[in-house]
Amino acid sequence: MNFYSLNKKAPEVSFKDAVIKGIAPDKGLYFPERIEPLPARFFEHIEDLTDHEIAFNAIHQFVSDEIPNDRLREIIAKVLDFDFPVVEIEENVSTLELFHGPTMAFKDVGARFMANCLGYFSEGEKQDVTVLVATSGDTGGAVANGFLGVEGVRVVILYPNGKVSDIQERQLTTLGQNITALRVDGTFDDCQKMVKTAFLDGDLLEKMQLTSANSINVARWLPQLFYFLFAYKQAKAKGKEIVFSIPSGNFGNICAGMVAQRLGMPVKHFIAATNVNDTVPEFMRTKEYTPKPSTPTISNAMDVGDPSNFIRIRHLYQDNFEALQKNLSSYAFSDAETRETMKKVYTKSGYITDPHGAVGYLGLKKYQETHPDCYGIFLETAHPVKFLDVVEDTIGRSVDIPEQIKQVMDKEKKSISIKEYDELKQYLLNR
């Protein structure tokens, strides 16, 4: 299968080339040339399959030209060595916990899958690949952990100074080896703009092979469809219409869920829940897409004013607003509403949500006001401990520190401060 640029002014490429290039020469995101639905029997009997079997069948068509089956199975086994439980919170409301991996965030799946693919592709290659990635929170730690020690790959992570939590910062600044963190005086959008500029800089591209590990990269984005299928497998027995509510920042996660739906997953609707960075909720209300500077919030991983992956979603629906509207609802919520919900859920059920999960819960409850009989699953995208100060201050109790987090708490943070793109360019060239 080939992948084409959504700007449609660049040649089609293989999965391998799409992964290594990250973004097309015409600045477009890569997209698979087709999405073949899986056989109906796959979903009829999905409860009889292991998670590894589900993932292999789901991703096979996209990567099989470049990765042989035995290596693909090995990669999946390395990526999916933790659980993805659906936990009931109240009647018709459950959460899909995506924080049981090494960095306790949903991005562990995509980052590890991409790292293993790049590791396979770099075998026998003479030129190193430089992974350049911007993070608004959890991407940095997941990418750092996933790529740590991978031969032939070095990783440079840009993050906005003072706008990620202490634990998130520790997860991307304490590893060393082939991982470097650059602390940017600006917002996540500034970091992302620098990364995109680098991919189009001829001087850099002549001297090094750059790729991205943000969700703009197909190997980071596509495997996120796995856990939607795992959740469907667990919820199927409910016998109700299933909807997913996804806390959304760059919109890669929800787009991957929509790809799972195109594979045949019998899910009727998606809810994109955001914080006050409401570019997409406003688009769904007005039909006008108007990016804006991002606003800092307590759910910082969603502080994105111009979500890169929304163009993939629009493309899935051929820019047919009415078709998209039938399958997607989007709502925005304030920090005050988020805190109130964290406290309410904890008081009512004893369940501790992180700020992003709380926004997902809010989106689901908003949708259920007019669809009360659906079975809703909101995504808990990161462990509450990653936002320790906010969570403890909100619910009024301490949170136990898991082993994955204890491992980084006493390590020294090391990063390089930059302000402008030219500083990033010089760093890359001098390395």
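Everything quoted here is computed from the prediction, not taken from an experiment.

Let's shift gears to the overall build of the chain. Along the chain, the regular secondary structure elements total 20 helices and 14 strands. Within the chain, the proportion of its 431 residues that are buried is 61%. Partitioning the contacts of the chain with sequence separation of at least 6, the portion at a separation of at least 24 is 76%. Summed over its atoms, the accessible surface of the chain is roughly 16900 Å², and 45% of this surface lies on carbon and sulfur atoms. The averaged location of the 59 negative side-chain charges in the chain is 2 Å from the averaged location of its 48 positive side-chain charges.

On to the sheet that holds strand β1 (residues 2–5). Strand order in this open sheet of 3 strands is β2-β1-β3, and the pairing throughout is antiparallel. A strand with exactly one partner marks an edge of an open sheet, and here the two such strands are β2 (13–14) and β3 (30–32). Two strands pair when backbone bridges link them, and β1 and β2 are joined in this way by 2 bridges, in the antiparallel orientation. By the bridge assignment for β2, Phe3 is matched with Val13.

To describe two helices that pack against each other, one gives the angle between their axes and the distance between the axes. At their nearest, the axes of helix α5 (residues 107–121) and helix α6 (residues 138–147) sit 8 Å apart, and the two run at 35 degrees to each other. In this structure, α5 meets α6 at a crossing whose hand is right-handed. Residues Lys107, Asp108, Ala111, Arg112, Met114, Ala115 and Leu118 of α5 touch α6, and the partners they reach there are Asp138, Thr139, Ala142, Val143, Gly146 and Phe147. The residue inventory of the contact of α5 with α6, partitioned by class, reads 7 nonpolar, 2 polar and 4 charged.

In the structure shown here, the tally under the stated rule is 20 salt bridges. We note a salt bridge from Lys292 to Asp278, for which the minimum N-O separation is 2.7 Å. Highlighted residues: Lys292 in the loop between α13 (279–286) and α14 (310–316) and Asp278 in the loop between β11 (269–274) and α13, separated in sequence by 14 residues. Between Lys406 and Glu403 there is a salt bridge, with the nearest N and O atoms lying 3.6 Å from each other. Of this pair, Lys406 and Glu403 both sit in helix α19 (residues 403–409), 3 residues apart, which is roughly one turn of that helix.

Turning to the sheet that holds strand β13 (residues 375–380), a few remarks are in order. One open sheet holds the 6 strands; their spatial order is β4-β5-β13-β10-β11-β12, and the pairing between them is mixed. Both outer strands of the open sheet, β4 (86–90) and β12 (328–332), are each paired with one neighbouring strand and no more. On average, each strand axis in the sheet is inclined to that of its neighbour by 25 degrees, with strand direction left out of account. With 4 bridges connecting them, β4 and strand β5 (residues 93–97) associate as antiparallel partners.

Note on placement: Thr180 falls in strand β8 (residues 179–184). A polar contact of 3.2 Å, which involves the side chain of Thr180, links it to the side chain of Tyr427. With residues near it in sequence (within four places) discarded, Thr180 still touches Val155, Val156, Ile157, Ile416, Tyr427 and Arg431.

Structurally, Ser245 can be placed in strand β10 (residues 242–247). Looking at Ser245, its side chain comes within polar contact range of the main-chain oxygen of Gly360, at 2.7 Å. Among the polar contacts made by the side chain of Ser245, one reaches the main-chain amide nitrogen of Leu364 at a distance of 3.4 Å. Aside from chain neighbours lying at most four places away, what touches Ser245 is Ile271, Ala273, Gly360, Gly363, Leu364, Ile377, Phe378 and Leu379.

Calculation notes
Residues numbered from 1 in each chain as written. Predicted model: local features only at pLDDT ≥ 70, side-chain atom pairs only at ≥ 80, totals over all residues. Heavy atoms only, no water. Helix = DSSP H or I, 4+ residues; strand = E, 2+ residues; numbered from the N terminus. Buried < 20%, exposed > 50% of the residue type's maximum accessible area, 1.4 Å probe, protein only. Contact = heavy atoms within 4.5 Å. Areas by Shrake-Rupley, 256 points an atom, 1.4 Å probe, with all protein chains shown as cover. Lys, Arg positive; Asp, Glu negative; His and termini not counted. Charge placed at Lys NZ, Arg CZ, Asp CG, Glu CD. Pairing = 2+ DSSP bridges. Axes fitted to C-alpha atoms, helices over the stretch in contact; angles between N-to-C directions. Left-handed = near helix turned anticlockwise from the far one by under 90°. Nonpolar A, V, L, I, M, F, W, Y, C, P; charged D, E, K, R; others polar. Salt bridge = Lys/Arg side-chain N within 4 Å of Asp/Glu carboxyl O. Polar contact = N/O pair within 3.5 Å; in protein donor to acceptor, adjacent residues only side chain to side chain.

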